[in-house]
Amino acid sequence: MAELDSGMAAKDMADLARRRSLPQPVYVTRPTMPDLKGYVHLLEGIWERKWLANQGPLHEELEARLRSFLGVEHLSLFCNGTIALLVALEALRLNTGEVITTPFTFPATAHSLYWNRIRPVFCDIDPITFNLDPTKIERLISADTRAILAVHVYGRPCDVEAIERIANVHGLHVIYDAAHAFGVRYKDKSILNYGDISILSFHATKLFTTAEGGALVCGSNDRQRRVNSLKNFGIADEETVIGPGINGKMNELQAAFGLVQMELIDQEISNRRDLALLYRELLTEIPGLDVPADIPETESTYAYFPVLIDAGRFGMTRDQLFVVLRECNVFARKYFYPLISNASCYSALPSSSVSNLPVADRISKQVLCLPIYGSIGSQTVRLITEIIAEAQEFATPAMLADAKP
Ligand code: T4K
């Protein structure tokens, strides 16, 4: 019988899709759309003021609101998270040598090093947090190492204490790519308060969004002054340029969107918490599908809902399940497969070898991020889990044997 990519018999797949397919595509995420009238009201003010960019009043208001909401003192808005990362490195004068980083992330993390002429040194990840494994960092430190660039992947906090200890011993800077960690708290304080600098992304796919956007959080007035001039072409005042800056500014239309979105954020987090609990309850009995436990002492904001598929126990591979879901109109995502260390611009680095990254390699082949966003509704979550459970019923040893390695 013909097999589809999923490994399920075509007949079984067609039957499952006919019975179970969701009427509308369900994506891994959808933005929380704010009240349109409220947004238009703010736009009217922009029209009257004719002030569109460069630290306008809405930009200033959003910065203040976010500082208070996130519990941080020094926050600068950016046009996106990637430029915030570039500026973070430049603000710390990191533009040569090596930086230790994770391969289990979105390309922007490693690319920010490349653009600042820094060689990434990839370190393996911890199997519980999915973030840099602190026990494997020190062996990668060389005379050229300048910093550690860690990611709180899916908003799961890194082992920030261990990373801080290593950085202090070796005199390294620590930058956190906190693109996924909006609102996450660890040990009763914002996760953004750890390290020298953290950056956030406010892309359309993020829990809090300004369509494109981001922010940089740092620990002192002096550093924030430097950051603010670097994101404004390096201009300090009308006659002084302090360095080779860039244009990283957020505009008034983005800030207006952010301000109306702020009204929804508490409800969105609460909805996601309920959905995450429901997923956990419904998936817990499925053999071979592991829902990672929450990190202790962490208030999560459920930016993503990753699960791990152990093909041997589940009966089909992650890739096969991905296809089954897609056939049923559910667009889960393999965040983050393949590892960024496998991209052609990095694969020749010695630290990119699989033997250096066995845990990251395994997790990237097992992980699947299921749809999660406030408006998805508990009924859709139930239907997704039913598709997964039913798919497992069709799994056969032959399918696994046929699966591509
Ligand atoms: N560091 C990390 C760890 C990151 O994850 C990211 C970005 C960055 C740094 C850089 O931050 P930014 O410079 O982007 O601020 C998406 C995002 O483009 C990217 O921002 C994000 N990480 C990454 C994890 O996800 P794609 O290629 O998966 O996005 P896309 O277009 O396939 O969208 C995914 C789903 O979201 C769609 O299937 C439907 C939904 N969607 C998407 C958009 C754009 C919507 O419903 N509406 C939309 O407008 O990368």
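Residues numbered from 1 in each chain as written. Predicted model: local features only at pLDDT ≥ 70, side-chain atom pairs only at ≥ 80, totals over all residues. Heavy atoms only, no water.

1. Let's talk about the packing of helix α1 (residues 10–20) against helix α11 (residues 318–327)
Okay, so step 1: Here α1 crosses α11 at 45 degrees, and the two axes come no closer than 9 Å. Our classification of the angle between α1 and α11 gives oblique. The segment α1 lies against α11, with Met13, Leu16 and Ala17 engaging Val323, Val324 and Glu327.
Okay, so step 2: In terms of residue class, the contact of α1 with α11 is made up of 5 nonpolar, no polar and 1 charged. (Axes fitted to C-alpha atoms, helices over the stretch in contact; angles between N-to-C directions. Helix = DSSP H or I, 4+ residues; strand = E, 2+ residues; numbered from the N terminus. Parallel < 35°, antiparallel > 145°, perpendicular 65-115°, else oblique. Contact = heavy atoms within 4.5 Å. Nonpolar A, V, L, I, M, F, W, Y, C, P; charged D, E, K, R; others polar.)

2. Some points on the layout of surface pockets
Okay, so step 1: By volume, the second largest pocket is sized at about 340 Å³.
Okay, so step 2: Contributing to the lining of the second largest pocket are 22 residues, with Phe106, Ala179, Ser201, His203 and Lys206 lying nearest its centre.
Okay, so step 3: Contributions of two or more residues to the lining of the second largest pocket are made by α4 (81–91), α5 (107–115) and β9 (197–201).
Okay, so step 4: Ranked by residue count, the leading element in the lining of the second largest pocket is α4, at 3 residues.
Okay, so step 5: Partitioned by chemical class, the residues of the lining of the second largest pocket number 9 nonpolar, 10 polar and 3 charged. (1 Å grid on protein atoms, 1.4 Å probe; cavity = no way out; pocket = protein on both sides within 12 Å on 5 of 7 lines; lining within 4 Å. Points joined across faces, edges and corners; volume = space filled by probe spheres on them.)

3. Examining unusual backbone geometry
Trans is the prevailing form of peptide bonds, just as negative phi is the prevailing case for residues other than glycine.
Okay, so step 1: The omega angle of the peptide bond from Tyr335 to Phe336 is 10 degrees, so this bond is cis rather than trans.
Okay, so step 2: Following the sequence through the fold, Phe336 ends up in the loop between β16 (330–331) and α12 (358–366).
Okay, so step 3: Residue Pro338 is bonded to the preceding Tyr337 through a cis peptide linkage, with omega at -5 degrees.
Okay, so step 4: Its location among the elements puts Pro338 in the loop between β16 and α12.
Okay, so step 5: The backbone of Lys50 sits at a positive phi, close to 55 degrees, despite the residue not being glycine.
Okay, so step 6: Among the secondary structure elements, Lys50 is positioned in the loop between α2 (36–49) and α3 (57–70).
Okay, so step 7: Phi is positive for Gln55, which is not a glycine, with a value near 50 degrees.
Okay, so step 8: Judged by its relative accessible area of 34%, Gln55 falls in the partly exposed class. (Buried < 20%, exposed > 50% of the residue type's maximum accessible area, 1.4 Å probe, protein only.)

4. Brief notes about the site of the ligand
Okay, so step 1: Residues in contact with the ligand amount to 25 residues; listed here are only the nearest, Arg30, Thr82, Asp177, His180 and Tyr335.
Okay, so step 2: Side-chain polar atom of Arg30 to an oxygen atom of the ligand: 2.7 Å apart, as the coordinates give it.
Okay, so step 3: At 2.7 Å, a side-chain N or O of Ser201 approaches an oxygen atom of the ligand.
Okay, so step 4: Relative to its unbound accessible area of 920 Å², the ligand is 77% covered by the protein chains.
Okay, so step 5: Most atoms of the ligand, that is more than half of them, are within 2 Å of grid points of the second largest pocket.
Okay, so step 6: A per-class count over the shell around the ligand returns 10 nonpolar, 11 polar and 4 charged. (Near = heavy atom within 4 Å. Polar contact = N/O pair within 3.5 Å; in protein donor to acceptor, adjacent residues only side chain to side chain. Areas by Shrake-Rupley, 256 points an atom, 1.4 Å probe, with all protein chains shown as cover. Sits in = over half its atoms within 2 Å of the grid points.)

5. Description of a nonpolar patch on the surface
Okay, so step 1: Taken together, the side chains of Trp47, Leu52 and Leu253 present a nonpolar region at the surface, about 330 Å² in accessible area.
Okay, so step 2: Mapped onto the elements, Leu52 comes out in the loop between α2 and α3. (Patch = residues over 30% accessible without salt bridge, like charges linked within 9 Å, V, L, I, M, F, W, Y side chains within 5 Å. Salt bridge = Lys/Arg side-chain N within 4 Å of Asp/Glu carboxyl O.)

6. Let's talk about the packing of aromatic side chains
Okay, so step 1: One pass over the structure, following the stated rule, counts 19 aromatic pairs.
Okay, so step 2: Relative to Tyr335, the ring of Tyr304 has its centre 5.9 Å away and its plane inclined at 90 degrees; by these criteria the two rings are edge-to-face. One end of the pair, Tyr304, is in the loop between β14 (298–299) and β15 (305–309); the other, Tyr335, is in the loop between β16 and α12, and 31 residues separate them in sequence.
Okay, so step 3: By relative accessible area, Tyr304 is classed as buried at 13%.
Okay, so step 4: According to the relative accessible area criterion, Tyr335 is buried, its value standing at 15%. (Phe/Tyr/Trp six-rings, centres within 6.5 Å; stacked < 30°, edge-to-face > 60°.)

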